[in-house]
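Geometric and topological summary
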Amino acid sequence: MSIAVLGAGAFGTALAISLAHKGPVSLWARDSGNMAQARENTKRLPGCPFPAPLFVTEAIAEAAKADIILVAVPMQKLRGFLAQNAGFLDGKAIVACCKGIELETGLGPIAVIRETLAHAVPAILTGPSFGADIARGLPTALTLACADAEMGKTLQTALTTENLRLYRTTDTIGAELGGALKNVVAIACGAVMGAGLGESARAALLTRGFAEMQRLAKHLKARPETLAGLSGFGDLVLTCTSAQSRNYRLGLAFGENLPFDSTTTVEGAATARAVDALAREHGLDLPITAAVAGLIENRLDVPSAMKSLLTRPLKEE
Ligand SMILES: NC(=O)C1=CN([C@@H]2O[C@H](COP(=O)(O)OP(=O)(O)OC[C@H]3O[C@@H](n4cnc5c(N)ncnc54)[C@H](OP(=O)(O)O)[C@@H]3O)[C@@H](O)[C@H]2O)C=CC1
Ligand SMILES: O=C(CO)COP(=O)(O)O
């Protein structure tokens, strides 16, 4: 089956590189710069050469002829991108590669695909993996979630590569919640580390953050085992412990009181605000998410956010 990746950021480029080691792949960019000549994405993923079967294009009509379409644009851009290109994309298998919750609607990627492309088969690819690791051929394992079980199997086979091992599930809600929420917890973990509060505090936040993820997921009818898998716990551990993560680095900057480049893709920032609103709407207690939303909206600084967490009433674990 032919494959195209739409969106040539770090993740889209890395996926295209890995997939191109087993067959032809189109990589669409709205501005491909010198990628086709340099055979490298010098802006987003420097030092990772393109295999010969990777074809760079700015013609979305061409790329969208593929059977399987991976969409790797940031979450808050997904709806606009799909709506603008619905004529090319509707009816296809659309695999969202983004992690987040839409700020305006509180929806995840699967619902956004359903709302914009009525006849598409939506899926999501998510889990612990830095683009640079995938592109360098290092071993990674991700979750492929698709409510259509047969299509899920087809996608799992088509998108597994030598260094990208895919597990599949039909629980799309669990998969997208895990990927979205781990970024919020990673901001919190970065903040405590940046503020010098120590690794014990980070372990506590990671664990209580996981409890929040499970609480929201249960409320939204996700399966617990999905949250415990690669797309939830797996990605939480990676993102909360590595300075390769942009979400974690934003947290570090909060903790150190340093500026952060606002053009960097940090999905947890909008997602914290979206999930905080969702929690209030559903009457759920998600204190770490609320604290991160407070940091993002400049209502709290790290010491006051920590105080808000540590002075909560004592309760059973
Ligand atoms: N980087 C990583 O290691 C991983 C990232 N992800 C997820 O992948 C998603 C994308 O992240 P990532 O690739 O890292 O982000 P980057 O910041 O590296 O790149 C974002 C890409 O999206 C493109 N883009 C932005 N807005 C639009 C739009 N409206 N229409 C078309 N293209 C657009 C940008 O184009 P332009 O260059 O022209 O601005 C750029 O190529 C995120 O949800 C992230 O959480 C998941 C796993 C790993
Ligand atoms: O999702 C990722 C790792 O699985 C990438 O994390 P960041 O978006 O925080 O860089």
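Residues numbered from 1 in each chain as written. Chains lettered and ligands numbered in written order. Predicted model: local features only at pLDDT ≥ 70, side-chain atom pairs only at ≥ 80, totals over all residues. Heavy atoms only, no water.

- Looking at an unreviewed UniProt entry, one finds the protein named Glycerol-3-phosphate dehydrogenase [NAD(P)+], with Sulfitobacter marinus as its source organism.
- Within the UniProt record for the protein, the comment given under Subcellular location (unreviewed entry) is "Cytoplasm".
- In its Sequence similarities (unreviewed entry) section, the UniProt record describing the protein reads: "Belongs to the NAD-dependent glycerol-3-phosphate dehydrogenase family." (UniProt positions renumbered as here; feature names shortened; annotations may be inferred.)

1. Describing the state of the cysteines
- Per the counting criterion, the structure on display carries zero disulfides.
- This cysteine, Cys97, is not joined by any disulfide, and Cys98 carries the nearest cysteine sulfur, 7.4 Å off.
- Given a relative accessible area of 6%, Cys97 falls into the buried group.
- Distance from the sulfur of Cys189, which forms no disulfide, to the nearest cysteine sulfur (Cys240) is 3.7 Å. (Disulfide = S-S within 2.5 Å. Buried < 20%, exposed > 50% of the residue type's maximum accessible area, 1.4 Å probe, protein only.)

2. Some details on the site of ligand 1
- Around ligand 1, the surrounding shell holds 22 residues, and the nearest of these are Ala10, Gly131, Arg246, Thr265 and Glu267.
- At 2.9 Å, a side-chain N or O of Arg44 approaches an oxygen atom of ligand 1.
- Burial of ligand 1 by the surrounding chains reaches 87%, relative to a free accessible area of 900 Å².
- In terms of residue class, the shell around ligand 1 is built from eleven nonpolar, four polar and seven charged. (Near = heavy atom within 4 Å. Polar contact = N/O pair within 3.5 Å; in protein donor to acceptor, adjacent residues only side chain to side chain. Areas by Shrake-Rupley, 256 points an atom, 1.4 Å probe, with all protein chains shown as cover. Nonpolar A, V, L, I, M, F, W, Y, C, P; charged D, E, K, R; others polar.)

3. A short note on the pairing of strand β4 (residues 68-71)
- In β4, alternate side chains face the same way, and those of Ile68 and Leu70 on one face and Ile69 and Val71 on the other are all buried.
- Note that strand β1 (residues 3-6) and β4 share four bridges and pair parallel. Note on β4: the bridge partner recorded for Ile3 is Ile68. (Helix = DSSP H or I, 4+ residues; strand = E, 2+ residues; numbered from the N terminus. Pairing = 2+ DSSP bridges.)

4. Describing the site of ligand 2
- Neighbouring ligand 2 are Lys99, Gly127, Pro128, Ser129, Phe130, Lys182, Asp235, Leu238, Thr239, Ser245, Arg246 and Asn247.
- Between ligand 2 and Gly127 there is a distance of 3.2 Å, counted from an oxygen atom to a backbone nitrogen or oxygen.
- A distance of 3.1 Å separates an oxygen atom of ligand 2 from a polar atom in the backbone of Ser129.
- For ligand 2, whose unbound accessible area comes to 310 Å², protein coverage reaches 92%.
- Among the secondary structure elements, those contributing two or more residues to the shell around ligand 2 are α12 (230-241) and α13 (246-256).
- Top contributing element to the shell around ligand 2 by residue count: α12, with three residues.

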